[in-house]
Amino acid sequence: MRSARILLAAVTSVAVVSLSACGIGGSGDSGSQSTANDGPVTGDVTGTISFETWNLKAKYSDYFTGLIKQFEQQHPGAKVNWLDQPADGYADKLSADASADSLPDVINLSPDFAYPLYKKKLLLDLDKAAPDAAKDYLPNAWQGNVMPGQKDNYAFPWYLNTGPYFYNKKLFTDGGLDPNKPPTTYDELAQQGLTLAKNTNGAFAMLGQTPQIEDLGLYGVDLMDPAGTKFTFNSAKGVKLVELYKSMYDAKALLPEALSATYTGSGKKFLAQQVAISSGSAYDLQTFRTDAPSLYANVGITAPMTNTGHANMYVQGLSVAAHSKNKATAIAFGRFVTNAQNQMAFAKIVTVFPSTAGTLNDPFFTQDDGTDIGRVRVASAKQLANGINYTPVQLSDQMKTVLRNELANAMLGKSTPQQALDNAVNQCNQLLGH
Amino acid sequence: MVTDDNAADRLPGRREPNSHCVRSSQDAPVPSSAATDLRAAGRGARRSGRGIRRHWRATPWLFLLPGLAITLLFSLYPFVNTIILAFTDAQVLGGGNFTGGANFSRMLHDPQFWTALRNSALYVVGVVPFLVLLPLLLAMLVQRHIPGIAFFRAAFYTPVVASVVVVGLIWTWLLDSRGLVNSVLKALHVVSEPVPFLTDETLLLISAMLVTIWKGLGYYMIVYLAALANVPRDLHEAAEVDGAGPVRRFFSVTVPAIRPTMVLVGALSAVAAFRVFSEIYILSGSSGGPAGADISLVMLIRQVGTGLNGELGYSSALSVVLFVLTLGLMLLTMRLNKNEEVA
């Protein structure tokens, strides 16, 4: 009897603790406050603001402290508190801040992070608050931060990035492919992948990742209806791309781990020389040099595959919190960090690309200096001129998981490509409504 | 009921609020004779404290306050809050209306929920028998006083101390299609193709169970060691005189004496297994296996409830279901125990 009661107590407490760990946050409606977001923000640039970046402190501390000092000197009375969050868990930090109504004044956001905050009316409409800002930036970058169903922008465009593809010349040669002719379209990718798989008998694979939403976009699939209210990637074109991947999977040109791999997982497989080609960004080159010198010696760089003629573009922006107490200061600082001069300086230390009008015409981005990094930089800058951010801002993490799982089912033959995409579209549309 | 409430009654105001708890956890697995000794010792100690003046009525509450406040704030409040949220469509970013049982009916039509439930249940079935039996055998092995035995005890306990993330990553490398295990199997010509430990949905779940069992062995071994030390020697000696061999003594003396401990281990490991997260999360590279086929309930709760688009309401409803099922699992264990006691 006694032991039974102790057991009950012990296990109940374990269970209660487990349950309570999940019940974070309250249900307060943080969107109900008036945002008073109707016209240009005027006022003195003074007072203290907080500025939150995403995983930049470890490497670029000097740049930001210098920037802040300069801003504070230009605007006596203004003070900037710099906060930085590590790469993982940024969304959780933002949501905790948002539900406590303590978002930093100036926040580093990508458009898909900005969207849920915008929906809760937590961000400032910058077309209204700073009407003269748009002209300073590249039109496609400014457009990249316009929220669906809106005409207005909610973030000052900051740095841009676009992924070149890296490929392993040695594995290309071993697989019977021409190391000087990497694939330029998805059809070529599948074709070369099948050749490689036939010649290598599964010793290594062509690719380590099932298609992402960007791949569908780059293949020319219409991802959403024009109003942005529902997903439409289960079209005949979408099915065609999934069939290409399915043929690669069956031939072992696609690594089996691809079905459960996340993005970093596939990058690691390239590093371990288990796949011949992988998307990446300019700063991966440094990783290859230090972590995989034998790969670095054989690495080839090529423009991303696209069937639309446009490259995919990743956008980072700086948003201003709607409830900021020093909006004028926050706007001034956001524009200061993203102005042409400061973006140029940042691009020189990080291999990212500025989003300000005309800056990409700088010789730094147009003249190949003969180095590998220089070559990637020039090639990437050229793509950015007509780059598109294919990832719909409405696509949440949950929806990405849905897409990955359904595509895995298609690869495994548990469903046809058409069924898989239909399922994914239905589930994503349902999540969109929730 | 074997308590010494009388002793406590003789000392009004001296009754420490948690003394029950402490004593009972000692008493639980201990067979009667040893327990009597312990209690006798405890009573002696308390008797010497007699004569201290009576306390102000609120004193015990003052002592309780810090612990109580923490429990209320960080366990009970979130617990109640979770239950309330389970009936709303609350989002991580705030908001939320009362939606009645909508979350629960959504669950019924959510294939991911059923997959997760199946995996968590399979995990209990696959892990618990091993975690009840293997650590017991291990404990009996290292119970003997042989020179150097401390080394083995420590070695078996090491995985318990190690971080589950580190352990998980090491196993990921071992079980990878190009990992150590597959290399060895291939070199020995046991297999021609690498075994898909981490890419096949069934094998991935089994691999994760293996890690859980391997990591849990040492912990439950210690629990059993404590229980075994309290099995009266004279019973063993008497059985030996009666001509019982080691196997017979194991089943007739050891097992009945430590059965409450076995039930405790069973219940604890079942609850832990039902709430599995880290092992599957890490072995599957955070994705829950091919097509998410190996996702567990806790992984699903996390997936649904976090991120800027997190659905707190639905996630809370899943938590409530997890809680109810865990509670049910435990009541079942207790029921089994009680039936055996009667028998």
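Everything numeric in this text was worked out from a predicted model, so none of it was measured. (Residues numbered from 1 in each chain as written. Chains lettered and ligands numbered in written order. Predicted model: local features only at pLDDT ≥ 70, side-chain atom pairs only at ≥ 80, totals over all residues.)

*Asks:* Even after reading the chapter, I still don't get the overall build of chain B, so can you show me in this structure?
*Replies:* Looking only at helices and strands, one finds 15 helices and zero strands in chain B. For chain B, the proportion of contacts with a sequence separation of at least 24, taken over those separated by at least 6, is 70%. (Helix = DSSP H or I, 4+ residues; strand = E, 2+ residues; numbered from the N terminus. Contact = placed C-beta atoms within 7 Å.)

*Asks:* Please clarify how the overall build of chain A should be interpreted in this entry.
*Replies:* Secondary structure summary: chain A contains 19 helices and eight strands in total. Considering chain A as a whole, with its 434 residues, one finds that 51% of them fall into the buried category. At a minimum sequence separation of 6, the contacts of chain A that also span at least 24 residues come to 75%. (Buried ≥ 20, exposed ≤ 12 C-beta atoms within 10 Å, placed from the backbone.)

*Asks:* In this structure, what is going on with the UniProt feature "transmembrane region" (unreviewed entry) in chain B? I would like to understand it.
*Replies:* All names here are of chain B. Feature annotation in UniProt places "transmembrane region" (unreviewed entry) on residues 61-80, 121-142, 154-174, 203-229 and 312-334, given in this structure's numbering. Across residues 121-142, the secondary structure splits into 100% helix and 0% strand, with the terminal C-alpha atoms separated by 32 Å. With 100% helix and 0% strand, the stretch residues 203-229 has end C-alpha atoms that lie 38 Å from each other. (UniProt positions renumbered as here; feature names shortened; annotations may be inferred.)

*Asks:* Teacher, can you tell me more about the UniProt feature "domain: ABC transmembrane type-1" (unreviewed entry) in chain B here?
*Replies:* Mapped onto this numbering, the UniProt entry annotates "domain: ABC transmembrane type-1" (unreviewed entry) at residues 117-333 of chain B. Here residues 117-333 of chain B runs as 76% helix and 0% strand, with 19 Å between its end C-alpha atoms.

*Asks:* Just checking my understanding: could you explain the confidence of the model for chain B for this structure?
*Replies:* All names here are of chain B. In the predicted model, chain B carries a mean pLDDT of 83, and the fraction of residues at 70 or more is 83%. The model gives residues 1-48 a pLDDT under 50, and that stretch makes 40 contacts with residues more than four places away or in other chains. Per the prediction output, this complex has pTM 0.81; the corresponding ipTM is 0.80. (pLDDT = per-residue confidence, 0-100.)

*Asks:* Looking at this model, I keep getting lost on the domain arrangement of chain A. Mind explaining?
*Replies:* Interface size is often expressed as the accessible area that is lost when the parts come together. All names here are of chain A. Domain assignment breaks chain A into domain 1 (47-162 + 314-384) and domain 2 (165-310 + 396-433). Contact with domain 1, which involves 12 residues of that partner, is made by eight residues of domain 2. When residues of the side of domain 1 that touches domain 2 are assigned to their parent elements, the largest contribution, eight residues, is made by helix α17 (residues 372-384). Each residue belonging to the side of domain 1 that touches domain 2 can be placed in one class, and the counts come to four nonpolar, five polar and three charged. (Domains from an automatic or database assignment. Nonpolar A, V, L, I, M, F, W, Y, C, P; charged D, E, K, R; others polar.)

*Asks:* Just checking my understanding: could you explain the confidence of the model for chain A for this structure?
*Replies:* Residue and element names in this part refer to chain A. Across chain A, the average pLDDT comes to 86, with 90% of residues at 70 or higher. Mean pLDDT across the secondary structure elements of chain A bottoms out at helix α1 (residues 2-20), with 50, and peaks at helix α10 (residues 236-250), with 96. The model gives residues 14-36 a pLDDT under 50, and that stretch makes 56 contacts with residues more than four places away or in other chains.

*Asks:* What is the right way to read the packing of helix α10 (residues 201-229) of chain B against helix α12 (residues 246-274) of chain B from this model?
*Replies:* How two helices sit against one another is set out by the angle between their axes and by the gap between those axes. All names here are of chain B. Running from amino to carboxyl end, α10 crosses α12 at an angle of 155°, the nearest separation of the two axes being 10 Å. Looking at the two axes, α10 sits roughly antiparallel to α12. In the crossing of α10 with α12, the sense of the turn from one axis to the other is right-handed. Of the residues in α12, those in contact with Thr-212, Gly-216, Tyr-220, Val-223, Tyr-224, Ala-227 and Leu-228 of α10 are Ile-258, Thr-261, Val-265, Ser-269 and Ala-273. In terms of residue class, the contact of α10 with α12 is built from eight nonpolar, four polar and no charged. (Axes fitted to C-alpha atoms, helices over the stretch in contact; angles between N-to-C directions. Parallel < 35°, antiparallel > 145°, perpendicular 65-115°, else oblique. Left-handed = near helix turned anticlockwise from the far one by under 90°.)

*Asks:* What is the right way to read the environment of Gly-43 of chain A from this model?
*Replies:* All names here are of chain A. Summarising the element assignment, Gly-43 is placed in the loop between α1 and β1 (47-54). The exposed category is assigned to Gly-43, around which 12 C-beta atoms lie within 10 Å. Sequence-wise, Gly-43 and Lys-327 are 284 residues apart; in three dimensions their C-alpha atoms are separated by 8.4 Å.

*Asks:* Would you mind showing me how to read helix α12 (residues 284-291) of chain A here?
*Replies:* All names here are of chain A. Taken as a whole, α12 has its buried residues at Asp-284, Leu-285 and Phe-288. The arc that holds the buried residues of α12, viewed along the axis, is 110°, so those residues lie on one side. Across α12 from its buried face, at more than 90 degrees, point the exposed residues Gln-286 and Thr-290. Of the surrounding elements, those touching the buried residues of α12 are β5 (165-168), α13 (293-296), β7 (299-302) and α17. (Arc of directions from axis to C-beta.)

*Asks:* Would you mind going over the environment of Gly-208 of chain A with me for this structure?
*Replies:* Residues and elements named next belong to chain A. You can see Gly-208 is positioned in the loop between α8 (186-200) and α9 (213-218). Residue Gly-208 is classed as buried on the basis of its C-beta count, with 26 C-beta atoms lying within 10 Å. Taking the C-alpha atoms as reference points, Gly-208 and Leu-124, 84 residues apart in sequence, are found 40 Å from one another. With residues up to four places along the chain from it excluded, the contact list for Gly-208 reads Leu-255, Glu-257, Ala-258, Ala-261, Ser-266, Lys-269, Phe-270, Val-275 and Ser-278.

*Asks:* Can you help me understand the nonpolar core in this one?
*Replies:* Soluble globular proteins tend to bury their nonpolar side chains together. If you look at the biggest cluster of nonpolar residues, it comprises 127 residues, and the most contacted ones within it are Ala-114, Leu-123, Leu-160 and Phe-333 of chain A together with Leu-300 of chain B. Not counting residues up to four positions away in its chain, the partners in contact with Leu-123 of chain A are Ala-114, Leu-117, Tyr-118, Tyr-154, Ser-319, Val-320, Ala-321 and Ala-322 of chain A. If you look at the next biggest cluster of nonpolar residues, it comprises 62 residues, including Ala-190, Tyr-249, Met-305 and Leu-395 of chain A. (Core = buried A, V, L, I, M, F, W, Y, C linked by C-beta atoms within 7 Å.)

*Asks:* Is there a simple way to explain the pairing of β5 of chain A in this structure?
*Replies:* Looking down a regular strand, the side chains alternate between one sheet face and the other. Residues and elements named next belong to chain A. Here three bridges tie β5 to strand β6 (residues 277-279), and the two strands are oriented antiparallel to one another. Paired with Tyr-167 across the two strands is Ile-277, which belongs to β6. In terms of strand pairing, β5 meets β7 through four bridges, oriented antiparallel. Pairing of Tyr-167 across the sheet is with Gly-300, part of β7. (Pairing = 2+ DSSP bridges.)

*Asks:* In this structure, what is going on with unusual backbone geometry? I would like to understand it.
*Replies:* A negative phi angle characterises most non-glycine residues, just as the trans form characterises most peptide bonds. Residue and element names in this part refer to chain A. The residue Asn-55 is not glycine, and still its phi comes out positive at about 60°. The topology assignment puts Asn-55 in the loop between β1 and α2 (57-74). Taking the number of C-beta atoms within 10 Å as the measure of exposure, Asn-55 has 14 and is therefore partly exposed. Its identity is not glycine, yet Lys-252 carries a phi of approximately 65°, on the positive side. Relative to the helices and strands, Lys-252 resides in the loop between α10 and α11 (263-271). What makes Lys-252 buried here is the crowd of 20 C-beta atoms within 10 Å.

*Asks:* Mind showing me how you'd approach the sheet that holds β5 of chain A here?
*Replies:* Across a sheet, paired strands are connected by hydrogen bonds in the backbone, their directions being either parallel or antiparallel. Residues and elements named next belong to chain A. Pairing in this open sheet of three strands is antiparallel, and the strands run β6-β5-β7 from one edge to the other. Either end of the sheet is taken by a strand with one partner, and the two such strands are β6 and β7. Put simply, the sheet's adjacent strands are angled 25° from each other on average, direction ignored.

*Asks:* I tried to follow the sheet that holds strand β2 (residues 78-85) of chain A on my own but got confused; where do I start?
*Replies:* Residues and elements named next belong to chain A. If you walk across this open sheet you meet the five strands as β2-β1-β3-β8-β4, and the pairing is mixed. Unpaired on one side and paired on the other, β2 and β4 (156-161) mark the two borders of the sheet. On average, adjacent strands in this sheet sit at an angle of 20° to one another, irrespective of strand direction. In terms of strand pairing, β1 meets strand β3 (residues 106-109) through two bridges, oriented parallel. Bridge assignment links Phe-51 to a residue of β3, and that residue is Val-106. Where helix α4 (residues 111-119) meets the sheet, it contacts β3 and β8 (314-320), and its direction lies at approximately 35° from that of β8.

*Asks:* What's the story with the environment of Ser-294 of chain A in this structure? I'm lost.
*Replies:* All names here are of chain A. Tracing the sequence through the fold places Ser-294 in helix α13. Overall, the presence of 11 C-beta atoms within 10 Å leaves Ser-294 in the exposed class. Note: C-alpha distance between Ser-294 and Pro-131 (163 residues apart in sequence) is 52 Å.

*Asks:* In this structure, what is going on with helix α14 (residues 297-305) of chain B? I would like to understand it.
*Replies:* Because an α-helix packs 3.6 residues into every turn, residues spaced three or four apart end up facing the same way. All names here are of chain B. Here α14 lies mainly inside the structure; eight of its nine residues are buried. Regarding α14, the residues found buried are Leu-297, Val-298, Met-299, Leu-300, Ile-301, Gln-303, Val-304 and Gly-305. Residue Gly-307 follows α14 closely and has a positive phi angle near 85°.

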